[in-house]
Amino acid sequence: MKDQSTQVLLIEDNPGDADLVRLRLVEGESPVDVNCVNRLSDGLAALKEMSPAVILLDLNLPDSHGADTYRKVLENAPNVPVVILSGQDDEVLAMKALHHGVQDYLVKGAISSSGLGRAMRYAVERQALLRSLEMSRKQQLEFKNQFLSHVSHELRTPLTCIHQYVTILLDGLAGDVQPEQRDHLKTILRSVNQLGAMVRDLLEATRAESGKIRLAPRCVAIGDLIHSAVAMMQATAGQKGVGLEVGVDTTLPFVHADPDRILGILINLIDNAVKFTPSGGAVTVKACAVPSDPDFAYISVTDTGCGIAAEARPLIFERMYQDLNAVSSSRKGLGLGLFIAKEMVGLHGGRIWLASEPGEGSTFSFTLPLYSLAKLLFPVITHQGRLRDAVVLVKVVLRPLSNSFRGRWKDISQRCLETLQRCVYLDKDLVLPPMAAAGLEETFLVVASTDMDRVQIMMTRIREQLEKVADLNSHGSLEVSAAAVTLPDPGSMAAGSEHAGNEDSLKKQVQDVADRVSEMVRSAPAGTPNSKSF
Amino acid sequence: MATSKILIVDDDPDLRQALKLRLRANHYDTVHAGDGYSAIAQAHKEQPNLIILDLGLPAGDGYVVLDRLQHDDKLSSIPVIVLTARDPQSSEQRALQAGAAAFFQKPADNAELLEVIRATLPHETTTANLPS
């Protein structure tokens with residue numbers, strides 16, 4: 001009965017050792033079918049064809065050595081138990097291998113045939129056990145996530161009902177309301193809104209945990225987001241007598257981030273800070289660049305509150321963490337806000353941390369990747385080691401008609417962006433990632449390696465193509481304009497590429513252009529004197 | 001100018017009633033349906049100026065209703081605002097692609113909803129005499 005025999009893949013380059021292993025396996029009680037290869041590459045190829053019950057692996061092969069060998073095998077056959085057969089009695093390496101998921105580490109020559117057979121059988125059993133544990137863990141997680149997502153959806157309907165009727169009463173749609181009644185209704189409304197926020201956080205945390213959060217990153221001026229968040233929190237802080245201050249480095253480049261998510265993080269951090277700051281204190285939100293970490297923007301929220309004890313600090317970003325000393329402890333919420341913030345920042349490629357001294361307040365800081373215009377522009381505006389002769393910034397503004405549906409408008413703008421990307425030359429023009437927009441109006445920007453005369457052909461093409469985008473004409477209007485980008489120091493550029501350090505100077509020039517473009521984007525509204533509108 | 005008529009489609013009678021109160025207080029006329037099938041029937045019979053549609057409905061969910069409306073020459077021009085307890089991440093794009101003019105998650109902010117209703121209603125932007 002061939003298929004009841006155990007299939008073994010033996011990866012071993014020493015023919016003598018291979019024969020020995022084969023012999024011992026054949027001597028054993030149960031039938032074994034040994035497939036022997038002498039290189040790692042052959043072993044990995046064999047794993048594509050077969051799924052052995054166990055892999056016997058020598059670590060030192062002609063094409064791979066040591067820990068690399070088992071790592072590659074584990075990567076390629078994550079579900080097959082691996083037993084290392086090594087000539088080296090190296091306990092440190094053995095433990096390391098086991099921690100990486102290898103099932104056993106046997107030393108050649110120190111193992112009998114029955115011992116080898118047993119080691120293989122046990123390895124198979126252990127692996128199966130691990131797999132079933134992993135499967136049930138995944139199932140439980142999936143079940144929990146489905147359950148939470150179902151619960152938070154179902155909670156919304158009664159929540160909506162309460163919200164609707166309370167606002168109907170409050171707005172006087174069901175008759176006059178006495179001042180005292182109004183106060184009570186407002187209390188109900190506040191609680192309903194809290195409940196709504198909890199339901200939202202529950203779903204968000206569940207999603208973060210199961211990796212189901214989708215980001216829509218845009219090019220964002222972090223200062224704008226900070227100002228919006230502060231404006232939204234002003235009333236809450238004012239009621240409590242806590243000052244809200246902003247300190248934003250206005251030369252900070254754009255960050256590449258999902259504006260809605262970042263706004264959520266900021267509001268959460270500011271809300272916490274206000275909560276833990278006594279009346280008369282202040283909360284300061286800052287954003288700046290840090291020279292030692294040039295690819296990130298640093299954003300911080302500092303309060304003058306009670307501070308966070310040293311033992312609580314490492315736990316504070318954990319799910320469901322609650323500070324037992326928290327003020328007004330009757331309403332703590334779910335303790336998900338900072339967990340969600342940590343997950344969101346992580347998804348953006350940044351990190352979040354806390355500095356605090358009890359009694360002296362806390363500072364929560366996080367980083368977001370800066371959007372490097374220079375890096376994106378480099379291949380586009382340089383050619384054969386020098387800057388191109390002329391660069392133009394083309395601006396495409398889509399304005400919705402006043403009665404446009406925001407849903408359909410979003411879809412139209414997305415299709416316009418896709419069309420725009422087809423209107424440019426990939427090697428010398430660049431459509432910048434969409435800018436975060438305050439309202440429905442969309443601005444798309446193209447950096448084009450051309451001059452103001454020739455750019456008109458491109459603008460005509462953009463216009464013609466975008467006008468063909470379905471529904472644009474019936475829902476909005478289109479404006480295409482262009483402005484020349486002043487290039488740095490044209491005299492020295494003609495000097496050519498033979499100068500040493502040219503690469504660095506070119507990078508500097510590109511950075512210079514990028515700065516100018518950013519400045520134009522930041523300051524110039526459509527239709528400035530040096531732009532040409534059609 | 002005649003009052004705009006809005007068809008409210010929601011399987012929860014309490015929510016239908018609440019929306020009706022809110023919209024009537026803002027001088028809209030309302031008609032109602034509690035499932036997908038009667039939503040289409042009501043739309044034919046009443047020819048509303050706008051439809052507020054829940055997604056989770058018996059007898060043809062909101063997407064089915066959107067699809068029927070889109071493919072019916074007599075109804076395809078009526079704008080639809082989706083108002084649902086479902087999650088925007090999983091439902092918003094699908095609803096908009098199916099032809100919805102706007103998407104709101106319950107509980108929606110009343111002022112925002114009324115604003116979008118005003119902006120979405122055909123021709124209504126020209127009438128300045130409607131109180132908010």
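Note that the structure is predicted; figures quoted are calculated from it, not measured.

Draft legend 1. Region of the structure containing the overall build of chain A. When you go through chain A residue by residue, the secondary structure sums to 15 helices and 19 strands. The proportion of buried residues among the 534 residues of chain A is 44%. Long-range pairs, those at least 24 residues apart, make up 74% of the contacts in chain A between residues at least 6 apart in sequence. Surface exposure of chain A reaches about 27,600 Å², of which carbon and sulfur atoms provide 54%.

Draft legend 2. Spatial organisation of the sheet that holds strand β11 (residues 352-356) of chain A. All names here are of chain A. Read from one edge of the open sheet, five strands run β7-β9-β10-β12-β11, paired in mixed fashion. The sheet is open, and its two edges are formed by β7 (243-248) and β11, each paired on a single side. Within this sheet the neighbouring strands show an average axis-to-axis angle of 15°, counted without direction. Pairing of β7 with strand β9 (residues 282-289), which is carried by six bridges, proceeds in the parallel orientation. Its bridge partner lying in β9, V248 is registered against A287.

Draft legend 3. Looking closely at the interface of chain A and chain B. The interface is formed by 25 residues belonging to chain A together with 30 residues belonging to chain B. Buried surface at the junction of chain A and chain B, summed over both partners, amounts to about 2,500 Å²; 52% is from carbon and sulfur atoms. Residue R207(A) pairs with D87(B) through a salt bridge whose shortest N-O separation is 2.0 Å. Linking chain A to chain B there are seven residue pairs in polar contact (both at pLDDT 80 or more). Among the elements of the structure, α5 (113-170), α6 (179-209) and α11 (406-422) of chain A are those that each provide at least two residues to the side of chain A that touches chain B. The residue makeup of the side of chain A that touches chain B, split by class, is seven nonpolar, nine polar and nine charged.

Draft legend 4. Quick look at the packing of aromatic side chains. With the rule as written, the count across this model stands at three aromatic pairs over all chains. Summarising the aromatic geometry, the rings of F143(A) and F147(A) are spaced 6.5 Å apart at their centres and angled 15° between planes, so their arrangement reads as stacked. Of this pair, F143(A) and F147(A) both sit in helix α5, four residues apart, which is roughly one turn of that helix. Centre to centre, the rings of Y298(A) and W353(A) are 5.8 Å apart; their planes meet at 75°, and the pair counts as edge-to-face. Here Y298(A) is found in strand β10 (residues 296-303), whereas its partner W353(A) is found in strand β11, with 55 residues between them in sequence. W353(A) sits in the partly exposed class, given a relative accessible area of 26%. Taking the ring centre of W353(A) as reference, the NZ or CZ of R351(A) above it sits at 4.2 Å. Above the ring of Y63(B), the side-chain terminus of R94(B) is found at 3.6 Å from the ring centroid.

Draft legend 5. Just the environment of V192(A), in detail. All names here are of chain A. Take V192: it is sitting in helix α6. With relative accessibility at 7%, the residue V192 sits in the buried group. Distance from V192 to H163, taken between C-alpha atoms, is 6.6 Å for residues 29 residues apart in sequence. Beyond its immediate sequence surroundings of up to four residues, V192 is in contact with L159, I162 and H163.

Draft legend 6. Spatial organisation of the packing of α5(A) against helix α1 (residues 13-25) of chain B. α1(B) packs onto α5(A) with a crossing angle of 30° between their chain directions and a minimal axis gap of 10 Å. Taken together, the axes of α5(A) and α1(B) are roughly parallel relative to one another. The handedness of the crossing between α5(A) and α1(B) comes out as left-handed. Facing T157(A), T160(A), C161(A), Q164(A), Y165(A), T167(A) and I168(A) of α5(A), the residues of α1(B) in contact are D14(B), L15(B), Q17(B), A18(B), L21(B) and R22(B). Of the residues in the contact of α5(A) with α1(B), the class split is six nonpolar, five polar and two charged.

Draft legend 7. Here's a closer look at the sheet that holds strand β2 (residues 29-33) of chain B. All names here are of chain B. With parallel pairing, five strands are arranged side by side in an open sheet as β2-β1-β3-β4-β5. Here the strands that pair on one side only, and so sit at the sheet edges, are β2 and β5 (102-105). Mean inter-strand twist for the sheet, computed between neighbouring axes without regard to direction, equals 20°. For strand β1 (residues 5-9) and β2, the ladder comprises five bridges, and the chain directions are parallel. Along β2, the bridge assignment pairs K5 with D29. Along the sheet face, helix α3 (residues 62-70) touches β3 (50-53) and β4 (80-84) and points at about 160° away from the line of β3.

Draft legend 8. Molecular detail of the confidence of the model for chain A. On average, chain A scores 83 in pLDDT, and the residues at 70 or more come to 90%. Between residues 493-498 of chain A, whose pLDDT stays under 50, and residues either more than four places distant or in other chains, the model counts six contacts.

Draft legend 9. Summary view of the pattern of salt bridges. All names here are of chain A. Applying the stated rule across the entire model yields 24 salt bridges over all chains. The salt bridge involving E134 is made with R137; its shortest N-O contact spans 3.4 Å. With E134 and R137 both in helix α5 and three residues apart, this pair spans about one turn of that helix. By relative accessible area, E134 is classed as partly exposed at 33%. One salt bridge connects R218 with E442, and the closest N-O pair in it is separated by 2.9 Å. A residue pair is termed long-range when its members are at least 10 positions apart, and R218 in strand β6 (residues 218-220) and E442 in strand β17 (residues 442-448) qualify at 224 residues.

Calculation criteria
Residues numbered from 1 in each chain as written. Chains lettered and ligands numbered in written order. Predicted model: local features only at pLDDT ≥ 70, side-chain atom pairs only at ≥ 80, totals over all residues. Heavy atoms only, no water. Helix = DSSP H or I, 4+ residues; strand = E, 2+ residues; numbered from the N terminus. Buried < 20%, exposed > 50% of the residue type's maximum accessible area, 1.4 Å probe, protein only. Contact = heavy atoms within 4.5 Å. Areas by Shrake-Rupley, 256 points an atom, 1.4 Å probe, with all protein chains shown as cover. Pairing = 2+ DSSP bridges. Axes fitted to C-alpha atoms, helices over the stretch in contact; angles between N-to-C directions. Buried area = accessible area lost by both parts, 1.4 Å probe. Salt bridge = Lys/Arg side-chain N within 4 Å of Asp/Glu carboxyl O. Polar contact = N/O pair within 3.5 Å; in protein donor to acceptor, adjacent residues only side chain to side chain. Nonpolar A, V, L, I, M, F, W, Y, C, P; charged D, E, K, R; others polar. Phe/Tyr/Trp six-rings, centres within 6.5 Å; stacked < 30°, edge-to-face > 60°. Lys NZ or Arg CZ within 6 Å of the ring centre and 35° of its normal. Parallel < 35°, antiparallel > 145°, perpendicular 65-115°, else oblique. Left-handed = near helix turned anticlockwise from the far one by under 90°. pLDDT = per-residue confidence, 0-100.

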